[in-house]
Amino acid sequence: MASQRILVLVKPDGVRRHLTGEVLHRIERKGYSLSNISWVQADEERLARHYAELVNRPFYPALVEYMMSGPMVAAIFTGDRVIEGVRSLAGSTDPTTAAPGTIRGDLGRAWSGESTMNIVHASDSPENAEKEIAIWFGEAEG
Ligand code: UDP
Ligand code: MG
């Protein structure tokens, strides 16, 4: 059986703050394998598919502005239980209160502005991982 995959995005704030290597390093050190990596630039159409369950939330316009504010690095990592493992490394959504030791807890905080900038995206289920890999790497990867 092929091992599980996850889609990781180093979000625009992570790239701007020169944290790309740090984020990828933490995931690699945990033992997961990098299987593909690419620069990506979000647009409204891809974000609406990526965040389909959030498009009607009040914070969605600010989230789109945040995610389109600069280039991102998209990466596919593989390994047994990689989704649980990377979500655990990422930490909870709010970086101010994310646990120390996590990416968001160690490297993130609240900044002025409407969006919750938290450095990294990590898929939350195998189904969403495959959907998101197809969005950011193209259908051939999905
Ligand atoms: N987000 C936000 N305000 C909120 C909740 C979420 O700006 O009240 C942003 C934040 O960047 C988060 C993303 O929307 O990472 C997706 O939200 P989700 O609840 O899926 O959090 P995640 O899975 O990224 O922890
Ligand atoms: Mg999520």
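Reading the values: the criteria
- Residues numbered from 1 in each chain as written.
- Chains lettered and ligands numbered in written order.
- Predicted model: local features only at pLDDT ≥ 70, side-chain atom pairs only at ≥ 80, totals over all residues.
- Heavy atoms only, no water.
- Helix = DSSP H or I, 4+ residues; strand = E, 2+ residues; numbered from the N terminus.
- Buried < 20%, exposed > 50% of the residue type's maximum accessible area, 1.4 Å probe, protein only.
- Contact = heavy atoms within 4.5 Å.
- Polar contact = N/O pair within 3.5 Å; in protein donor to acceptor, adjacent residues only side chain to side chain.
- Near = heavy atom within 4 Å.
- Areas by Shrake-Rupley, 256 points an atom, 1.4 Å probe, with all protein chains shown as cover.
- Nonpolar A, V, L, I, M, F, W, Y, C, P; charged D, E, K, R; others polar.
- Arc of directions from axis to C-beta.
- Pairing = 2+ DSSP bridges.
- Axes fitted to C-alpha atoms, helices over the stretch in contact; angles between N-to-C directions.

1. A look at the environment of His50
Now for step 1: When you line up the elements, His50 lands in helix 3 (residues 44–50).
Now for step 2: Judged by its relative accessible area of 1%, His50 falls in the buried class.
Now for step 3: Each C-alpha atom of the pair His50 and Asn128 lies 8.5 Å from the other, and the pair is 78 residues apart in sequence.
Now for step 4: Residues within four places of His50 in sequence aside, it is in contact with Leu7, Leu9, His121, Lys131, Glu132, Ile135 and Trp136.
Now for step 5: Only 3.0 Å separates the side chain of His50 from the side chain of Trp136, close enough to count as a polar contact.

2. Some details on the site of ligand 1
Now for step 1: Every residue close to ligand 1 is listed here: Lys11, Tyr51, Leu54, Phe59, Leu63, Tyr66, Arg87, Thr93, Arg104, Thr116 and Asn118.
Now for step 2: Interatomic distance of 2.5 Å between a side-chain N/O atom of Thr93 and an oxygen atom of ligand 1.
Now for step 3: Arg104 is positioned such that a nitrogen or oxygen atom in its side chain is 3.0 Å from an oxygen atom of ligand 1.
Now for step 4: For ligand 1, whose free accessible area comes to 500 Å², the fraction covered by protein is 77%.
Now for step 5: Of the residues contributing to the shell around ligand 1, the split by class is 5 nonpolar, 3 polar and 3 charged.

3. Thoughts on helix 2 (residues 20–30)
Now for step 1: Considered for burial, the residues of helix 2 that qualify are Thr20, Val23, Leu24, Arg26 and Ile27. The buried residues of helix 2 all sit within an arc of 155° when viewed along its axis, so they share a single face.
Now for step 2: Looking one or two residues beyond helix 2, the residue adopting positive phi is Gly31, at roughly 120°.

4. Some remarks on the sheet that holds strand 2 (residues 33–40)
Sheet strands pair via backbone hydrogen bonds, and the direction of the pair is either parallel or antiparallel.
Now for step 1: Pairing is antiparallel in the open sheet, where 4 strands are placed in the order 2-3-1-4. What marks the edges here is a single partner per strand, and that holds for strand 2 and strand 4 (120–122). Strand-to-strand twist of the sheet, defined as the mean angle between neighbouring strand axes without regard to direction, takes the value 20°.
Now for step 2: Sheet topology places strand 2 next to strand 3 (residues 72–78); 7 bridges connect them, and they run antiparallel.

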